[in-house]
Amino acid sequence: MKKLLLLVIPVLIFGLYWSRRETVLVVNQRPTTDDKQQVLGEISISTSPAAIIQGEPVLITVNNLGTSTIKSLTVDGKKIPVFIHEGKPSALVGIDLRGKIGSYPIILTLDDGQKIESKLIVGERVITKAPLGIPDELGGNTPEAERELINTLVKEGAVISAVPTSPEKLWDGPFRLPIEPPITITDVYGYSRQTGASSISHKGTDFRAALGTPVYAMNSGMVRLTTNMRNYGNVIVIDHGLGLHTIYMHLSEILTKNGDTVAKGQLIAKSGATGYVLGPHLHLTVRINGISIDPLKFMALLGEG
Ligand SMILES: [Zn+2]
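Now for a look at the structure at hand. Worth saying up front: this structure is predicted, and the values here are computed from it rather than measured.

What counts as what
- Residues numbered from 1 in each chain as written.
- Predicted model: local features only at pLDDT ≥ 70, side-chain atom pairs only at ≥ 80, totals over all residues.
- Heavy atoms only, no water.
- Helix = DSSP H or I, 4+ residues; strand = E, 2+ residues; numbered from the N terminus.
- Buried < 20%, exposed > 50% of the residue type's maximum accessible area, 1.4 Å probe, protein only.
- Contact = heavy atoms within 4.5 Å.
- Areas by Shrake-Rupley, 256 points an atom, 1.4 Å probe, with all protein chains shown as cover.
- Phe/Tyr/Trp six-rings, centres within 6.5 Å; stacked < 30°, edge-to-face > 60°.
- Arc of directions from axis to C-beta.
- Polar contact = N/O pair within 3.5 Å; in protein donor to acceptor, adjacent residues only side chain to side chain.
- Donors = N, O, S within 2.8 Å, 3.2 Å for Na, K, Ca; no water.
- Pairing = 2+ DSSP bridges.
- Patch = residues over 30% accessible without salt bridge, like charges linked within 9 Å, V, L, I, M, F, W, Y side chains within 5 Å.
- Salt bridge = Lys/Arg side-chain N within 4 Å of Asp/Glu carboxyl O.
- Axes fitted to C-alpha atoms, helices over the stretch in contact; angles between N-to-C directions.
- Core = buried A, V, L, I, M, F, W, Y, C linked by side-chain atoms within 4.5 Å.
- Domains from an automatic or database assignment.

### Some words on the overall build of the chain
At step 1: Helix and strand counts for the chain come out as four helices and 22 strands.
At step 2: Taken over 305 residues, the chain has a buried fraction of 42%.
At step 3: At a minimum sequence separation of 6, the contacts of the chain that also span at least 24 residues come to 68%.
At step 4: In the structure as shown, the chain presents an accessible area of about 16200 Å², 57% of it carried by carbon and sulfur atoms.

### Quick notes on the packing of aromatic side chains
At step 1: What the rule picks out here adds up to three aromatic pairs.
At step 2: With centroids separated by 6.1 Å and ring planes inclined at 50°, the aromatic side chains of Trp171 and Phe175 adopt a geometry described as tilted. Each member of the pair, Trp171 together with Phe175, is buried.
At step 3: By the ring-pair criterion, three or more aromatic residues cluster together here, those being Phe83, Trp171, Phe175 and Phe298.

### Structural notes on helix 4 (residues 295-302)
At step 1: Every buried residue of helix 4 is accounted for by Pro295, Phe298, Met299, Leu301 and Leu302. The buried side chains of helix 4 occupy one side of the element, clustering within an arc of 160° when seen end-on.
At step 2: N-capping of helix 4 is provided by Asp294, with a side-chain oxygen placed 3.0 Å from the backbone N of Leu296.

### A closer look at the coordination of the zinc ion
At step 1: Looking at the metal site, the zinc ion is ligated by His202 (NE2), Asp206 (OD) and His283 (ND1), spaced 1.9 to 2.1 Å from it.
At step 2: Read in sequence order, the donor residues for the zinc ion give the motif H-x3-D-x76-H. With His202 in the loop between strand 13 (198-201) and strand 14 (205-208) and His283 in strand 21 (residues 281-288), the pair connects residues that are 81 residues apart, well separated along the chain.

### Things to note about the side chain of Ser292
At step 1: Structurally, the position occupied by Ser292 is in strand 22 (residues 291-293).
At step 2: Judged by relative accessible area, which is 7%, Ser292 ranks as buried.
At step 3: Beyond its immediate stretch of four places on either side in the chain, Ser292 contacts Tyr189, Lys203, Thr285, Val286 and Arg287.

### Concerning the sheet that holds strand 4 (residues 70-75)
At step 1: Pairing is mixed across the open sheet formed by five strands, whose spatial order is 2-9-8-4-5. Of all strands in the sheet, those with a lone pairing partner are strand 2 (51-53) and strand 5 (78-79), marking the two edges.
At step 2: Note: strand 4 against strand 5, two bridges, orientation antiparallel. Each bridged residue has a counterpart across the sheet, and for Val75 the counterpart in strand 5 is Lys78.

### A look at a nonpolar patch on the surface
At step 1: Together, Ile183, Ile185, Val188 and Leu296 make up a nonpolar patch on the protein surface, roughly 280 Å² of accessible area in all.
At step 2: Mapped onto the fold, Ile185 is located in strand 11 (residues 185-187).
At step 3: Classification of Ile185 by relative accessible area gives partly exposed; the value is 31%.

### Things to note about unusual backbone geometry
At step 1: Here the bond from Ser48 into Pro49 is cis, since omega is -5°, no more than 30 degrees from zero.
At step 2: Considering the arrangement of structural elements, one finds Pro49 in the loop between strand 1 (44-48) and strand 2.
At step 3: Between Pro181 and Pro182 the backbone carries a cis peptide bond, its omega angle lying at 0°.
At step 4: Mapped onto the elements of the fold, Pro182 is located in the loop between helix 3 (143-161) and strand 11.
At step 5: Unlike most non-glycine residues, Glu86 shows phi in positive territory, near 50°.

### Concerning the sheet that holds strand 1
At step 1: Taken together, four strands build an open sheet; the order of strands is 1-3-7-6 and the sheet is antiparallel. Looking at which strands have only one partner, the edges of the open sheet turn out to be strand 1 and strand 6 (83-85). Neighbouring strand axes in the sheet, compared pairwise and without regard to direction, differ in orientation by 40° on average.
At step 2: Where strand 6 and strand 7 (residues 88-94) come together, three bridges link them in antiparallel fashion. Paired with Ile84 across the two strands is Pro89, which belongs to strand 7.

### So, the nonpolar core
At step 1: In terms of nonpolar packing, the biggest core is built from 30 residues, with Leu92, Tyr248, Ile268 and Phe298 touching the most fellow members.
At step 2: Elements that contribute at least two residues to this core include exactly strand 17 (233-239), strand 18 (244-254), strand 20 (267-271), strand 21 and helix 4.
At step 3: Split by domain, the residues of this core number at least three in each of domain 1 (35-123) and domain 2 (129-302).
At step 4: In this structure, Ile45, Ile52, Val75 and Val122 belong to the second largest nonpolar core, which totals 20 residues.

### Remarks on the pairing of strand 9 (residues 115-123)
At step 1: As paired elements, strand 2 and strand 9 share three bridges and run parallel to each other. Opposite Ala51, over in strand 9, you have Ile121 as the bridge partner.
At step 2: As paired strands, strand 8 (residues 102-110) and strand 9 are joined by eight bridges and run antiparallel to one another. Bridging across to strand 9, Thr109 finds its partner in Lys115.
At step 3: The hairpin formed by strand 8 and strand 9 contains four residues between the paired strands, and Gly113 there has a positive phi angle of roughly 95°.

Set out below in structure tokens:
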């Protein structure tokens, strides 16, 4: 019994000291100006840019979250992954080139049940149309070659759409362009290529790149597909996690392989003229949860200064 008391008393004294110490710590913790704003500001949602058009990405930011925690974030009813960007909970959304025009509700649900609502306004894109022939290697400008082109494009699109993504964010910091300056854009995102009676949307950006130009990973990630396709030529798909993919097409050489972890700026390929092309260039596609958006608008949001 004596032994037990000897053990219990010091524990009690220490406990008393510890609880007083805790109290003192709390009293001394005066909020800084930043903390006050954090406490006083209401939780809100902002989008960057404030409004977009079809085929563009948007960055959603949660402000003044404080000690609250997020249960889910949905845009137009679809749940999207949340990550920390510049210290704030954020999410990336891509609107398809043919996505609906108008208002997309954004709903943030907190773990305490509170809901914060906002909306994203998507305007109509004016699509430029231009003719584009079929190269002789792919059958030339004949109805058969056109049919074959459309059929195989659908199949190749399905292979790329099936590429998985990591539930973790694999990228770190701003994205870089896949080739070194000087940068010349030869074909912009979104225009419609008239091939015979068909129209094919150009869902990426083409960079001028002489045969053999070094191609670099735009950010860290995992290589999820390296293959040769009839139309896309030699292709690399890098998964940056959370539904974000960068895709490099028409390459002459692939210098990485499926399953490789790549660092930002790592040499992954040499550009080329493989597949459905009229000349050497690098085609870049950026996909957000399966939606190919304008890579240059993506760079404006998450790219280097
Ligand atoms: Zn292209």
